[in-house]
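Structural overview
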Amino acid sequence: MQLTFLGTGAASAVPLPFCDCPLCRAARRLRGNDLRARAALLVNDDLMIDFGPDAVPAAQRMGKDLTRVRTLLITHAHGDHFDPGHLVTRVAEYGCQNAPPLLLAASPASLAQLSAWLEREEPGTGLGSEGGRQRMNMTVHAVTAGEAFPAGRYTVTGIYSHHAPDCDSRLYIVQDGDCAVFYATDTPAFGEDTWQALAQTGLQFRCVILDHTYGILPETGTVGRPVRDHMCAADVAEAAAEFRARGLLTPDGQVFATHLSHEDMLPHQEMTAYARAHGYEVAWDGLTLAL
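Residues numbered from 1 in each chain as written. Predicted model: local features only at pLDDT ≥ 70, side-chain atom pairs only at ≥ 80, totals over all residues. Heavy atoms only, no water.

1. With respect to the overall build of the protein chain
For clarity, the threshold we go by: Labels follow the DSSP assignment, with helices taken as runs of H or I lasting at least four residues and strands as runs of E lasting at least two, numbered in each case from the N terminus. Whether a residue is buried, partly exposed or exposed follows from its accessible area with a 1.4 Å probe, protein chains only, as a fraction of its type maximum: under 20%, in between, or over 50%, in that order. Here, two residues are considered to be in contact whenever any of their heavy atoms come within 4.5 Å of each other. Here the accessible surface of atoms and residues is derived via Shrake-Rupley with a 1.4 Å probe, and residues count as covered only by protein chains that are part of the display. All tallies of charge rest on Lys and Arg as positive and Asp and Glu as negative; His and the ends of each chain are not included. Every charge is mapped onto a representative atom, which is NZ of Lys, CZ of Arg, CG of Asp or CD of Glu.
Secondary structure assignment for the protein chain yields eight helices and 14 strands. In terms of principal-axis extent, the alpha carbons of the protein chain reach across some 55 × 45 × 35 Å. Residues counted as buried form 55% of the 291 residues belonging to the protein chain. Across the protein chain, the fraction of contacts at a sequence separation of at least 24, relative to all contacts at a separation of at least 6, is 69%. As displayed, the protein chain has an accessible area near 12,200 Å², and 52% of this comes from carbon and sulfur atoms. Considering the protein chain, the positive charge centre built from 22 side chains and the negative charge centre built from 34 side chains are found 5 Å apart.

2. Observations regarding the side chain of Asp285
Heads up, the rule is: What counts as a salt bridge is simple: a side-chain nitrogen of Lys or Arg found within 4 Å of a carboxyl oxygen of Asp or Glu.
By secondary structure assignment, the location of Asp285 is in the loop between β13 (281-282) and β14 (288-290). One buried charged residue, Asp285, remains without a salt bridge, the closest side chain of opposite sign being Arg36 at 4.8 Å. Not counting the four nearest positions on each side in its chain, Asp285 is found in contact with Phe5, Leu6, Gly7, Thr8, Leu35, Arg36, Ala37 and Met62.

3. Some points on the environment of Thr187
Turning to its location among the elements, Thr187 is positioned in the loop between β10 (179-184) and α6 (192-200). Separated by 44 residues in sequence, Thr187 and Met231 place their C-alpha atoms 6.6 Å apart. The residues contacting Thr187, other than those within four sequence positions of it, are Ser161, His163, Leu171, Asp211, Asp229, His230 and Met231.

4. Some words on the sheet that holds strand β3 (residues 47-49)
Rules: Here, any two strands with at least 2 DSSP bridges between them count as paired. The angle between two axes is taken between their N-to-C directions and runs from 0 to 180 degrees, where each axis is a line fitted to C-alpha atoms and a helix contributes only its stretch in contact.
Taken in spatial order, the seven strands line up as β6-β5-β4-β3-β2-β1-β14 in an open sheet, and their pairing is mixed. The open sheet terminates on both sides in strands that have one partner only, identified here as β6 (138-142) and β14. Within this sheet the neighbouring strands show an average axis-to-axis angle of 20°, counted without direction. Contacts between helix α4 (residues 108-121) and the sheet are confined to β5 (102-106) and β6, with β5 contributing the most and set at about 120° to the helix.

5. Section: α6
How we decide: Arc definition: directions from the helix axis to the C-beta atoms.
Taken residue by residue, α6 has Thr194, Trp195 and Leu198 as its buried positions. Down the axis of α6, the smallest arc covering the buried residues is 100°, so these residues share one side. In this structure, the buried residues of α6 make contact with β8 (154-160), β9 (170-176), β10, β11 (205-211) and α7 (233-245). With its phi angle positive at about 70°, Gly202 sits one or two positions after the end of α6.

6. Let's talk about helix α1 (residues 22-30)
Among the residues of α1, Leu23, Cys24, Ala26 and Ala27 are the ones counted as buried. An end-on view of α1 places all buried positions within 160° of arc, on one side of the element. Projecting away from the buried face of α1 at angles above 90 degrees are the exposed residues Pro22 and Arg29. Taken from the residues just after α1, Arg31 is the one with a positive phi, measuring 55°.

7. Overview of the pattern of salt bridges
Tallying each qualifying case throughout the model produces 14 salt bridges. Residues Glu281 and Arg276 are paired through a salt bridge, measuring 2.9 Å at the closest nitrogen-oxygen approach. The class of Glu281 is partly exposed, set by a relative accessible area of 21%. Through salt bridges with shared partners, a single network forms among Asp45, Lys64, Asp65 and Arg68.

8. Thoughts on the pairing of β10
The two faces of a sheet get side chains in turn, since along a regular strand they alternate between them. Within β10, six of the six residues are buried, which leaves it mostly tucked inside the rest of the structure. Burial of the side chains of β10 extends over both faces: Cys179, Val181 and Tyr183 are buried on one face and Ala180, Phe182 and Ala184 on the other. Here β9 pairs with β10 via five bridges, running antiparallel. Bridge pairing in β10 places Tyr172 opposite Tyr183.

9. Concerning the packing of aromatic side chains
For any pair of aromatic rings, the description consists of the separation of the ring centres together with the inter-plane angle of the planes. Defined as follows: Pairing of aromatic side chains requires ring centres within 6.5 Å, counting the rings of Phe and Tyr and the six-membered ring of Trp. Pairs whose planes differ by under 30 degrees are stacked, by over 60 edge-to-face, and all others tilted.
Evaluated as defined, the whole model comprises eight aromatic pairs. Feature note: the residues Phe182, Phe190, Trp195, Phe205 and Phe243 constitute an aromatic cluster, connected by ring pairs.

10. Side note on the nonpolar core
The condition that has to hold: What we call a nonpolar core is a set of buried Ala, Val, Leu, Ile, Met, Phe, Trp, Tyr and Cys residues that are connected through their side-chain atoms within 4.5 Å.
Formed by 37 residues in total, the largest nonpolar core has its most connected members in Phe182, Phe190, Leu198, Phe205, Leu210, Phe243 and Tyr280. For this core, the secondary-structure elements that each account for two or more residues are α1, β9, β10, α6, β11, α7, β12 (249-258) and α8 (268-277). Discounting chain neighbours no more than four positions away, the residues touching Phe205 are Ile173, Ala180, Val181, Phe182, Leu198, Phe243, Leu248, Leu249, Thr250 and Gly253. Ala77, Phe82, Leu87 and Ala106 belong to the second-largest nonpolar core, a separate cluster that totals 28 residues.

Below, the structure is given as structure tokens:
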């Protein structure tokens, strides 16, 4: 299985357009791996997880042909993870020729919101009608948490995420033969329900990709950490250790961080040094992994 990180940034990307914080200043100066488009992952050229506003230009820069994509998994209905303007160009009125069949999968709540976005962008493209789906040459799958379903050559399992309950967010397991990957953004630190859901699959993962929206948080002066719906560096380090302790990683399995913001974050090289000392790696835009 080949994984390509089309983007590794959080909702606002890095640097923020109007931010003058130390991290954003450093990103403008250093460029390279410090520049982060909004998060999306391409699997073997034919499956994508999330399709935000940066996905198409990122794929173009990396020489990826999105006409090969047959499955699109959406984690949740937030604007950095889904851009209806890209998808509606599949219709004939945009001059699109031979748009390939596409399976779009998300939770029922997210599908309802995505359908409304598409309808506002281009009337008659809503996912709730047979005509809209035919016009887009798309099929739709409502992902129940814990359910495994076929998607071309893959078996996909949606895991419930406590991020944005109104969207009924999903984390995704993608299996290709005996190789399994777990993509977990957006999510807070895992509770026991998530660990149990992963254990019930009976899988060991070759690669785990975790939300890392926040960096190394300063002391808050309170017991514990503030309530959040994303992970910070300490959460990722703890989760990486827990994956190993619970036997959920293969012996050569790796843990990568993605969906990084500018908040309490170090420049990429320094963040990588911290991560490696704490059992994980930091992904960057354009990173390709061969599993």
